[in-house]
Structures are given as structure tokens and as C-alpha cells.
Amino acid sequence: MPETAAQAAAQSSQEAEITAALGTRSVVLVGMMGAGKSTIGRRLAARLRLPFLDADIEIEAAAGMSISDIFETHGEPHFRDGEARVIARLLDGGPGVLATGGGAFLREETRERIRRKAISIWLKADVDTIMRRVRRRADRPLLQTADPAATVERLVGEREPFYQSADLMIWSREVPHEKIVDECFDALHVRLCREAAGATISDTAAPDTLDAIE
Ligand code: S3P
């Protein structure tokens with residue numbers, strides 16, 4: 001967060017550069033349950049003065065029932081189809097900051113849509129951090145297993161190859177939320193300014209860490 005008037009002015013001009021470069025594209029947060037996609041997404045949206053959207057909440061509103069009830073009544077494949085449709089609709093309404101559910105980025109069609117209509121940030125968290133956070137809420141159907149830690153470990157292994165194709169990667173860890181938001185903001189600024197300066201696709205193929213691009 002800016003501490004002086006000069007820092008505030010610099011941040012506000014960076015914010016304008018980011019939103020100008022985004023155009024109608026959104027910023028999409030991907031990653032495991034408990035990675036902080038909604039918490040960071042909401043704050044990042046406020047920083048960028050863009051609307052914040054949470055795909056899980058939009059799915060519940062569209063279905064008129066909770067995610068747990070959708071899983072229980074209709075099954076996971078039905079949930080995934082609805083999730084893909086809702087995310088497609090939200091991406092068409094950009095720009096905004098969109099937090100996606102942890103499984104959404106596994107679907108090729110959704111990854112492709114996000115690639116075309118957004119800049120994606122993988123919020124990466126380790127299993128211990130995820131477990132500490134997901135223990136606070138018991139409403140995630142995929143974690144209603146005898147050994148949720150083993151389930152998280154398996155899902156992380158299965159999903160990371162997909163998350164790795166996000167445009168940017170930021171480590172989500174136990175530091176103040178604003179620090180993670182700052183890192184997302186800075187990484188977006190570097191990426192979008194480089195893009196605006198005409199970087200080639202091959203330069204941008206792998207997810208960046210802040211360390212790698214500073
Ligand atoms: C899921 C993650 C959840 C929600 C659903 C399935 C997943 O969202 O979409 O329970 O497959 O990882 P969060 O990542 O926001 O918890």
C-alpha cells in the first residue's frame with residue numbers, strides 16, 4: 001500500500017496503465033481451494049477499481065442452490081458444465097477480477113477461454129497452507145473424505161500441471177493479504193506493459209514469478 005503522496009500517485013498511474021492494457025479482458029485467479037482466490041481477488045479488484053466476481057457465488061445464484069447441494073443432487077459433472085457456462089458468461093462481461101473455483105481451470109475449453117479473454121494468475125499454495133485454511137469451512141464437497149489432507153495432496157499433484165499454464169504465478173502464503181495483492185498488482189503491471197511494448201508470444205509462454213521478472 002502507498003505510504004506517501006508520491007507513492008499513491010505512482011500507484012494510481014500504474015493502475016490506469018493496467019486497466020488501459022486490459023481493455024475488456026479480465027484478471028482471473030486460478031488455483032487450489034484455500035489458495036485465497038476470493039480474498040485476494042476482492043482486494044485486487046478494489047485496487048484496480050474493477051468489479052469483483054466470484055464464480056462459485058455466481059454458480060450458486062444461477063442454480064438457486066449451494067455448491068454442496070448441486071454436487072449431492074446432480075453430481076460433479078453437472079456442476080462442472082454449469083461452472084464452465086457461468087465462467088464463459090462472466091468473461092464476456094469483462095473487464096473485472098474473477099475468482100474461479102479450484103477445478104475450473106482443468107477444463108480445456110475454460111482454459112482456452114481464459115487465455116483469450118483474460119490474464120490469469122495462479123495463486124500457488126502448499127498443502128499445509130491449504131489445509132490450515134480449508135479446515136475453517138466444511139462446505140467443500142471434494143474434501144468430505146476420510147483423509148482430507150491426502151485428498152488435497154492428490155489434487156495438488158493432479159492439478160498443478162494445469163495451473164502452470166496460467167500467465168502469472170504468485171505464491172500465496174501466510175503474509176498480510178495486502179502483500180499478495182501488491183505482488184499480483186506488480187506482476188500484472190510488468191506483464192501488461194511488456195505486452196503493450198510488443199513482446200512476442202514465446203517470451204510469455206511460461207508463468208512468471210515476481211522473482212523471475214524483476
Ligand atoms: C472446487 C473448489 C471450490 C468449488 C467446488 C469445487 C474444486 O471452489 O468450486 O467445491 O474442485 O477444487 P474454491 O476453490 O473457491 O474453494
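Placed above this text is the structure.
The rules behind these values
- Starting from 1, residues in each chain are numbered consecutively following that chain's sequence as written.
- Side-chain atom pairs in this predicted model are given and counted only at pLDDT of 80 or more, local residue features only at pLDDT of at least 70, and totals for whole chains, interfaces and linings cover all residues.
- The side-chain figures draw on all heavy atoms in the structure; neither hydrogens nor water molecules are used.
- Numbering of helices and strands runs from the N terminus, with a helix taken as a DSSP run of H or I at least four residues long and a strand as a DSSP run of E at least two residues long.
- Within these notes, the globule rule equals 2.2 Å times the number of residues to the 0.38 power, and the radius of gyration is based on C-alpha atoms.
- Note on exposure labels: buried denotes an accessible area under 20% of the residue type's maximum, exposed denotes more than 50%, and partly exposed covers the range between, all computed with a 1.4 Å probe on protein chains only.
- The criterion used for residue contact is that any of the two residues' heavy atoms lie within 4.5 Å.
- By the counting rule applied here, Lys and Arg register as positive and Asp and Glu as negative, while His and the ends of each chain are not counted.
- One atom stands in for each charge, and that atom is NZ of Lys, CZ of Arg, CG of Asp or CD of Glu.
- Among buried residues, the Ala, Val, Leu, Ile, Met, Phe, Trp, Tyr and Cys ones that are joined through side-chain atoms within 4.5 Å form a nonpolar core.
- Two aromatic rings, drawn from Phe, Tyr or Trp (for Trp, its six-membered ring), form a pair once their centres lie within 6.5 Å of each other, and the interplanar angle then sorts them: stacked below 30 degrees, edge-to-face above 60, tilted otherwise.
- The criterion for a residue being near a molecule or strand is simple. One of its heavy atoms has to lie within 4 Å of it.
- Polar contact is the term for a pair of N or O atoms within 3.5 Å; when the atoms are in protein, one must be able to donate a hydrogen and the other to accept it, and sequence-neighboring residues count only if both atoms are side-chain atoms.
- In this description, accessible areas are obtained by the Shrake-Rupley approach with a 1.4 Å probe, and a residue is regarded as covered only by the protein chains that are shown.
- Convention adopted: a line fitted to C-alpha atoms gives each axis, helices being fitted over their contacting stretch, and angles between N-to-C directions are expressed from 0 to 180 degrees.
- Each angle gets one of four labels, with under 35 degrees taken as roughly parallel, over 145 as roughly antiparallel, 65 to 115 as roughly perpendicular, and the rest as oblique.
- Two helices cross in a left-handed way if the nearer one is turned anticlockwise from the farther one by less than a right angle. They cross in a right-handed way if the turn is clockwise.
- Put simply, Ala, Val, Leu, Ile, Met, Phe, Trp, Tyr, Cys and Pro go in the nonpolar bin, Asp, Glu, Lys and Arg in the charged bin, and everything else, Gly too, in the polar bin.
- Throughout, the arc means the angular range of directions from the helix axis out to the C-beta atoms.

*Asks:* I'd like to hear about the overall build of the protein chain, residue by residue, with values.
*Replies:* Looking only at helices and strands, the protein chain features 10 helices and 5 strands. Against the 2.2 N^0.38 benchmark of 17 Å for 214 residues, the protein chain shows a C-alpha radius of gyration of 17 Å, consistent with a compact globule. Oriented by its inertia axes, the alpha-carbon framework of the protein chain measures out at about 50 × 35 × 35 Å. Across the 214 residues of the protein chain, 45% fall into the buried class. Of the contacts formed within the protein chain by residues at least 6 apart in sequence, a portion of 75% connects residues at least 24 apart. Taking the average location of the 28 positive side-chain charges in the protein chain and that of its 34 negative ones, the two points are 2 Å from each other.

*Asks:* Before we move on, could you go through the nonpolar core and cite the residues and values that matter?
*Replies:* Of all hydrophobic cores here, the largest spans 54 residues; its most connected members are Leu44, Leu48, Ile121 and Leu188. In terms of residue count, helix H9 (residues 177–196) provides more of this core than any other element does, 7 residues in total. When near neighbours in sequence (up to four residues on either side) are disregarded, isoleucine 121 contacts Val27, Val28, Leu29, Val30, Leu44, Ala166, Leu168, Ile170, Cys184 and Leu188.

*Asks:* Outline the packing of aromatic side chains, listing residues and values.
*Replies:* Per the counting criterion, the structure on display carries 2 aromatic pairs. Judged by centre distance (4.9 Å) and plane angle (40°), the ring pair of phenylalanine 71 and phenylalanine 79 falls under tilted. You'll find phenylalanine 71 and phenylalanine 79 in the same group, each marked buried. On the numbers, 5.9 Å between centres and 40° between planes, the contact of tryptophan 122 with tyrosine 163 is tilted. Taken as a pair, tryptophan 122 in strand E4 (residues 118–124) and tyrosine 163 in helix H8 (residues 148–163) lie far apart in primary sequence, 41 residues in all.

*Asks:* Before we move on, can you summarise the side chain of serine 120 with the specific residues and values?
*Replies:* Summarising the element assignment, serine 120 is placed in strand E4. Among residues more than four places away in sequence, those in contact with serine 120 are Val28, Phe105, Ile114, Ala166, Asp167 and Leu168.

*Asks:* Let's hear about the site of the ligand: which residues, and what values?
*Replies:* In the vicinity of the ligand, 13 residues are found, and the nearest of them are Lys37, Asp56, Arg80, Arg140 and Arg159. Between lysine 37 and the ligand, the recorded distance is 2.6 Å, taken from a side-chain N or O atom to an oxygen atom. In the model, an oxygen atom of the ligand is placed 2.8 Å from a nitrogen or oxygen of the glycine 102 main chain. A total of 380 Å² of accessible area belongs to the ligand in isolation, and the protein chains cover 95% of it.

*Asks:* How would you explain the packing of helix H3 (residues 55–63) against helix H5 (residues 76–92) if you had to name every residue and give the values?
*Replies:* Two elements in contact, H3 and H5, have axes separated by 9 Å at closest approach and are oriented at 110°. Considering the angle they form, H3 stands roughly perpendicular to H5. By crossing handedness, the relation of H3 to H5 is classed as right-handed. Note on element contacts: H5 touches H3 through Phe79, Glu83, Val86, Ile87, Arg89 and Leu90, opposite Ala55, Asp56, Glu58, Ile59 and Ala62. Of the residues belonging to the contact of H3 with H5, the class tally is 7 nonpolar, no polar and 4 charged.

*Asks:* Describe helix H4 (residues 67–74), with residues and values.
*Replies:* Buried within H4 are the following residues: Ile67, Ile70 and Phe71. For H4, the arc enclosing every buried residue in end-on projection is 95°, short of the 170-degree limit, so these residues lie on one face. Exposed residues pointing more than 90 degrees away from the buried face of H4 are listed as Glu72 and Thr73. Tucked inside the fold, the buried residues of H4 contact H3 and H5. After H4 finishes, the residue glycine 75 shows a positive phi value of roughly 95°.

*Asks:* I'd like to hear about the packing of helix H1 (residues 5–22) against H9, residue by residue, with values.
*Replies:* At their nearest, the axes of H1 and H9 sit 9 Å apart, and the two run at 55° to each other. It follows from the interaxial angle that H1 and H9 lie oblique. Between H1 and H9 lies a crossing of left-handed hand. Here H1 contributes Gln11, Gln14, Glu15, Glu17, Ile18, Ala21 and Leu22 to the contact with H9, which in turn contributes Phe185, Asp186, Leu188, His189, Leu192 and Cys193. The residue makeup of the contact of H1 with H9, split by class, is 7 nonpolar, 3 polar and 3 charged.

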